[in-house]
Amino acid sequence: MAVTNPPSLPAHPDPRLDAILAGDLPHELAHAFGGPFHLLLPERFDANVAAFRTALDEAGVDGHVYYAKKANKAAAWIERCAVNGTGVDVASLGELREALGHGVRGENLVVTGPAKSDDLLRIAVLQGCLIAVDALDELDRIVALTTVTRPARLLLRRLPPAQPHSRFGLDDAELATALQRCADAVGSVRMEGFSFHLSGYATQPRADLAGELVELCLKARAMGLPADRISIGGGFAVDYAAAGDWERFLAEQGPGDYHAGKTFTPADFYPYHSPVAGADALRAILAARPSGGGAPLADRLREAGVTLLMEPGRALLDRAGCTVFRVQGVKERSGYAILTADGTSLSLSEQWFNSEYLPDPVLLTTGERREGAPGLPNPGERPDTAPVRACVGGATCLESDMLTWRKVAFPVRPRPGDLLVYPNTAGYQMDSNESPFHDLSLPPKVVLDEADGRVRWRLDRRPPS
Ligand SMILES: Cc1ncc(COP(=O)(O)O)c(C=O)c1O
């Protein structure tokens, strides 16, 4: 079928990574692992953290960045946090152990999540972590546990008034009770402030609620509590694609563009273009006037002597990784091809949320430079160099295991042995849902270290001995 301008969504160009992908490395790694793998770029993570810190410095605001570990399980990021003094947001005992085990100090950890287990709370208190209290019974368990530990450092998590159906946080009445309980237990708990996490990516609602939390800190201080910090959680958008491409994509895509006539609700797509993203979103929050008037948030924080904490996950992983699959098979359907990749959509989590990971996968062809790779048809000349549309399925028995339902336009017909690179997957895509389904092994994570003009690779974790 002729490819007549089908909807496409190219990720922002990444010349540095493209240069690496254009070499032999991805093909060598695909050969070595015999399955899909993830590439990680820790320098990008460092740069993203640095950008958040710069935004705080520019606004003259005292603050700390905590990497939300749930966004990616790799060790590489927390190793960087340990070295750079970046905080980590953990939400389970496993995440806490991982962070401590890679050298992050307890005092640089914030523990979030609902109804935390007693084991998690005990170790968090012993290690001097900051605990975001989600409920009154959790506060009571913490107070009880401090009879055998040191005092606990706490934030009280606010139920966002603008998102009243959220299952997280304390409402007005619960907050008042919690404050009184903290005041009564002053030798056992150190109430350091308040926190929230909002769904969505808008900046003004974050500034509004942060402004409210600054006022709450002043009230708490009047009760004798330290209350000198607030956490605004995560939700700093990532900008995956150019505005024009995203608008065109949304306007043009329809059921005919997806395998099996699959339909998606565009509102369920992640906003793949965001005019204000990452550290710029923090800038916007700091510059915004809470509740539309008065001084900007940055001024209010400074005047009140309140430190700003934040827990970005996705935004710290922007452009810090990609995922590489090998094409294992190509079959025809009416007007398009079905590629089968050598892994599963469990390595692309968006596919499991009634949505689709939309940035275009990029084809790295094998034939032109690899003479007769073992086990593959002799590449020779590509007989069919015309563009072709193809969706991408996983190597499983599940109809719904589609890495890409969309019939993506590829510049040439993909062939077995070619590679498909899914761009910018480090934030939530790689491993949130991965499982060794069908006894397929989990894709290894390969860290690309750049030093002295050289790129070297290593495994994120050494294989068990
Ligand atoms: C409490 C909390 N903090 C931080 C985050 C990280 O959010 P994001 O990765 O969108 O920045 C989340 C995500 O669910 C969260 O629940």
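Before reading further, recall that the structure is shown in the block above.
Residue indices follow the written sequence of each chain, beginning from 1 at its first position. The predicted origin of the model limits local features to residues at a pLDDT of at least 70 and limits the giving and counting of side-chain atom pairs to 80 or more, whereas totals for whole chains, interfaces and linings rest on all residues. Values shown for side chains rest on all heavy atoms present in the structure; no hydrogens or waters enter the calculation.

A few points about the packing of helix α3 (residues 42-58) against helix α11 (residues 278-287)
Axes are the key here: two packed helices are described by the angle between their axes and the distance separating the axes.
Argument step 1. Angles run from 0 to 180 degrees between N-to-C directions of axes, and those axes are lines fitted to C-alpha atoms, restricted for helices to the stretch in contact. Comment: elements are numbered from the N terminus, with helices defined as DSSP H or I runs of at least four residues and strands as E runs of at least two. For the pair α3 and α11, interaxial distance at closest approach is 8 Å and the crossing angle is 20°. Relative to α11, α3 is oriented roughly parallel. In the crossing of α3 with α11, the sense of the turn from one axis to the other is right-handed. Contacts between α3 and α11 pair Ala51, Phe52, Thr54, Ala55, Leu56 and Glu58 from the former with Gly278, Ala279, Leu282, Arg283 and Leu286 from the latter.
Argument step 2. Residues are sorted three ways: Asp, Glu, Lys and Arg are charged, Ala, Val, Leu, Ile, Met, Phe, Trp, Tyr, Cys and Pro are nonpolar, and all the rest, Gly among them, are polar. Residues of the contact of α3 with α11, tallied by class, amount to seven nonpolar, two polar and two charged. Any angle from 65 to 115 degrees is called roughly perpendicular, while one under 35 is roughly parallel, one over 145 is roughly antiparallel, and all others are oblique. Two helices that cross are described as forming a left-handed crossing if the nearer one is turned anticlockwise from the farther one by less than a right angle, and a right-handed crossing if clockwise. Working rule for contacts: check all heavy atoms of both residues, and any pair within 4.5 Å makes them a contact.

Examining unusual backbone geometry
Argument step 1. Here Tyr428, not a glycine, exhibits a phi torsion of approximately 75°, which is positive.
Argument step 2. Partly exposed describes any residue whose relative accessible area lies between the buried limit of under 20% and the exposed limit of over 50%, with all areas from a 1.4 Å probe on protein chains only and scaled to the type maximum. Given a relative accessible area of 27%, Tyr428 falls into the partly exposed group.
Argument step 3. With a phi angle near 60°, Asp439 is a residue other than glycine that sits in the positive phi range.
Argument step 4. Inspection of the secondary structure puts Asp439 in the loop between β15 (419-422) and β16 (445-451).

Considerations on the packing of aromatic side chains
Argument step 1. Any Phe, Tyr or Trp ring, taking Trp's six-membered ring, that has another such ring centre within 6.5 Å forms a pair; planes under 30 degrees apart are called stacked, those over 60 apart edge-to-face, and the others tilted. Overall, the coordinates contain 17 aromatic pairs when judged by the stated rule.
Argument step 2. Taken together, a centroid distance of 6.2 Å and an interplanar angle of 10° make the contact between Trp246 and Phe249 stacked. Residue Trp246 and its partner Phe249 are both found in helix α10 (residues 243-252); the two are separated by three residues, about one turn of the helix. For the pair Trp246 and Phe249, a shared accessibility class is recorded, and that class is buried.
Argument step 3. Judged by centre distance (5.6 Å) and plane angle (75°), the rings of Trp246 and Tyr272 are edge-to-face. One end of the pair, Trp246, is in helix α10; the other, Tyr272, is in the loop between α10 and α11, with 26 residues separating them in the sequence.

A word on the sheet that holds strand β2 (residues 63-68)
Argument step 1. In this description, strands pair whenever DSSP reports at least two bridges between them. Strand order in this closed barrel of eight strands is β2-β3-β4-β5-β6-β7-β8-β9, and the pairing throughout is parallel. Taking the axes of each pair of neighbouring strands and ignoring which way they run, one obtains an average angle of 30° across the sheet.
Argument step 2. Pairing analysis gives four bridges linking strand β5 (residues 130-133) to strand β6 (residues 152-157), with the strands arranged parallel. In the sheet register, Ile131 faces β6, and the bridge partner there is Leu154.
Argument step 3. Contacts between helix α5 (residues 93-101) and the sheet are confined to β3 (87-90) and β4 (109-111), with β3 contributing the most and set at about 160° to the helix.

Regarding the pairing of β15
A regular strand carries its side chains on alternate faces of the sheet.
Argument step 1. Burial along β15 is two-sided: Leu419 and Val421 facing one way and Leu420 and Tyr422 facing the other are all buried.
Argument step 2. The pairing of strand β10 (residues 321-333) with β15 spans four bridges and is classified as antiparallel. In the sheet register, Arg326 faces β15, and the bridge partner there is Leu419.

Things to note about the site of the ligand
Argument step 1. We call a residue near a molecule or strand whenever a single non-hydrogen atom of that residue lies within 4 Å of it. Contacts to the ligand come from Ala68, Lys70, Asp89, Arg157, His197, Gly234, Gly235, Glu311, Pro312, Gly313, Arg314 and Tyr428.
Argument step 2. Under the rule applied, a polar contact is a pair of N or O atoms within 3.5 Å (in protein, one hydrogen donor and one hydrogen acceptor; residues adjacent in sequence only if both atoms are side-chain atoms). Measuring from an oxygen atom of the ligand, one finds a backbone N or O atom of Arg314 at 3.0 Å.
Argument step 3. Compared with its free state, where it exposes 400 Å², the ligand has 84% of that area covered by protein.
Argument step 4. Of the residues assigned to the shell around the ligand, the class counts are three nonpolar, four polar and five charged. Method for areas: the Shrake-Rupley scheme with a 1.4 Å probe, in which residue coverage is limited to the protein chains shown.

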